[in-house]
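A closer look at the structure
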Amino acid sequence: MSDDGGLTDLPLKGDLLAFIERNDDPVEGALIVARILESDDADVDWARGEIERIAASARERGEPGATHVVAEMASQGFTGARERYYELENSILPHVLKSQQGIPVSMGVVAMGVARLLGLDAVGVNFPRHFLVTIGGALVDPFGLRVTSREECMAWLRANRVGEAGAFAKATPREVALRMLNNARMLVQRGGDPARALTLSDYQLLIVPEMYGIYVERADLWMALGAPEMVTEELERAVQYAPSEEIAMRLRERARQSRGGRSTVN
C-alpha cells in the first residue's frame, strides 16, 4: 500500500472504474466486490450462471412479479443469515449463492439479478440499516423475502427514531457496491485488520472520492497502524469535503493535534 492510499496500484482499479462508468448492473458490481474480498479468486462465472438458473426456474413457474421473485428464492432455500449475520462471506455474492444466506444488501442483489433477467425493473433502496429493493414498482424486503410497504417501513423508522430524510432514496448499482464494501470494511476493521480495511476504503474512494467520512475512518485506521503523519493527511483531505464549516473546524483541530506525533511504522 502506498502513502497516497494505494489508489494507483489497486489490482482491480480498472475493473471497478469501468463498472462505475457503466453503473448499470448491481450483480456485476457485487461480483467485483467479491473479487476484491477474495483476492480475485471468487467464482464469478458460476455466480452469473446460478442467478440465470434461478431466473429460468422462476420463469417456468408463472407470470413474473415481485411476489413471484421472492417466492422463487424462498423455494430455492434462500433465507436471511440471522444466526451468522456478521460474517464477511455474507458480502461475497458467490458465497451467498452457495450458502443461500446473506445480509439484506447481498440478498437484494440476488433478487435484483433474478428480477432483471425476468424483464422486471429492479432497483435498490438505500433504506437505513436494512437495504430494500423495488421490483416492478413493489417494495421488497430481500432479507425477509417478502413484499413490504412504505407505510410499514415508515412505522419502523418512527419506532426506531430514525430520520425519514432519504430513507427511500434509490441506490444505483455503484451505490450498492459502495454499501457492500462499507459492510465488509467495518467487519474487517472490527476483526483487527486495519491494513486490509484501508485497502477496502481505497476502493470506496474510487466510487466516492468526495465522501469526507471515509477519510475520517482512514485517519482512525492509520492511527491504529501507528502512522500519525498519515492521520494528519487523511484529516486534511476530509476538511476539503466537510459538509459544514463547523465539522471542518473540528477536523482541522484534530489534524493540528495529530501533527508532530511519532510514527511507529517500520
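Here the structure is a predicted model, which means the values were calculated and not measured.

Observations concerning unusual backbone geometry
Although it is not a glycine, Gln100 sits at a positive phi angle of roughly 60°. For Arg129, which is not glycine, the phi dihedral falls at a positive 70°. Secondary-structure assignment places Arg129 in the loop between strand S3 (122-125) and strand S4 (132-135).

Observations regarding the packing of helix H11 (residues 228-241) against helix H12 (residues 245-258)
Interaxial distance between H11 and H12 falls to 9 Å at its minimum, and their mutual angle equals 165°. If you check the angle between H11 and H12, you find them roughly antiparallel. The handedness of the crossing between H11 and H12 comes out as left-handed. Here Pro228, Val231, Thr232, Leu235, Glu236, Ala238 and Val239 of H11 come into contact with H12, specifically with Ala248, Leu251, Arg252, Arg254, Ala255 and Ser258.

As for the pattern of salt bridges
Inspection of the entire model under this criterion finds 19 salt bridges. The salt bridge involving Glu50 is made with Arg53; its shortest N-O contact spans 2.8 Å. Residue Glu50 and its partner Arg53 are located together in helix H3 (residues 44-61), separated by 3 residues, close to a single helical turn. The salt bridge partner of Glu217 is Arg185, with a shortest N-O separation of 3.7 Å.

Quick notes on the sheet that holds S3
Across the sheet, which stays open at both edges, the 5 strands sit in the order S6-S5-S4-S3-S7 with antiparallel pairing between neighbours. Looking along the sheet, the strands with just one partner apiece sit at the ends: strand S6 (146-147) and strand S7 (170-171). One ladder, built from 2 bridges, connects strand S5 (residues 138-141) with S6; its direction is antiparallel. Bridging from a neighbouring strand, Asp141 pairs with Arg146 of S6. The strands touched by helix H6 (residues 104-117) within the sheet are S3 and S4, with S3 carrying the most contacts at an inclination of about 160°.

Focus: the nonpolar core
Nonpolar side chains tend to gather and get buried jointly when the protein is soluble and globular. In this structure, Val69, Leu93 and Ile135 are the most contacted members of the largest nonpolar core, which totals 80 residues. If sequence neighbours within four positions are ignored, Leu93 has contacts with Val27, Ala30, Leu31, Ala34, Ile51, Ser106, Val109 and Val110. Of all hydrophobic cores here, the second largest spans 10 residues; its members include Phe127, Leu139, Leu157 and Val162.

So, the packing of aromatic side chains
Throughout the structure, instances matching the rule amount to 5 aromatic pairs. Consider the rings of Phe127 and Trp156, whose centres lie 5.6 Å apart with planes at 55°: the pair is tilted. Linking Phe127 in the loop between S3 and S4 with Trp156 in helix H7 (residues 150-159), this pair joins segments that are 29 residues apart in sequence. The exposure class of Trp156 is partly exposed, given its relative accessible area of 31%. With a centroid separation of 5.8 Å and 10° between ring planes, the pair formed by Tyr215 and Tyr241 is classed as stacked. Remark: Tyr241 occurs in helix H11 and Tyr215 occurs in helix H10 (residues 212-224); sequence separation between them is 26 residues. Among the aromatic residues, those joined into a cluster by ring pairs are Tyr85, Tyr86 and Phe143. The ring of Phe168 is capped by Arg150, whose NZ or CZ atom sits 4.1 Å from the centre of that ring.

Examining H3
For H3, which comprises 18 residues, the first-to-last C-alpha distance of 26 Å matches the rise-based estimate of 26 Å (1.5 Å per residue) to within 8%. Against the buried residues of H3 lie helix H2 (26-37), helix H4 (66-75), helix H5 (93-99) and H6. By the N-cap criterion, in which a side-chain oxygen at the helix start approaches the backbone nitrogen of a residue two or three places on, H3 is capped by Asp43, the distance to Trp46 being 3.4 Å. Backbone geometry just downstream of H3 places Gly62 in the positive-phi region, at approximately 145°.

Points about the pairing of S5
A regular strand carries its side chains on alternate faces of the sheet. As judged from the 3 bridges shared by S4 and S5, these two strands associate in the antiparallel manner. When the bridges of S5 are listed, Ile135 appears paired with Ala138. Counting the residues that bridge the hairpin from S4 to S5 gives 2 residues, and of these Gly136 lies at a positive phi of roughly 55°.

Rules used throughout
Residues numbered from 1 in each chain as written. Predicted model: local features only at pLDDT ≥ 70, side-chain atom pairs only at ≥ 80, totals over all residues. Heavy atoms only, no water. Helix = DSSP H or I, 4+ residues; strand = E, 2+ residues; numbered from the N terminus. Axes fitted to C-alpha atoms, helices over the stretch in contact; angles between N-to-C directions. Parallel < 35°, antiparallel > 145°, perpendicular 65-115°, else oblique. Left-handed = near helix turned anticlockwise from the far one by under 90°. Contact = heavy atoms within 4.5 Å. Salt bridge = Lys/Arg side-chain N within 4 Å of Asp/Glu carboxyl O. Pairing = 2+ DSSP bridges. Core = buried A, V, L, I, M, F, W, Y, C linked by side-chain atoms within 4.5 Å. Buried < 20%, exposed > 50% of the residue type's maximum accessible area, 1.4 Å probe, protein only. Phe/Tyr/Trp six-rings, centres within 6.5 Å; stacked < 30°, edge-to-face > 60°. Lys NZ or Arg CZ within 6 Å of the ring centre and 35° of its normal. Expected span 1.5 Å × (residues − 1). Polar contact = N/O pair within 3.5 Å; in protein donor to acceptor, adjacent residues only side chain to side chain.

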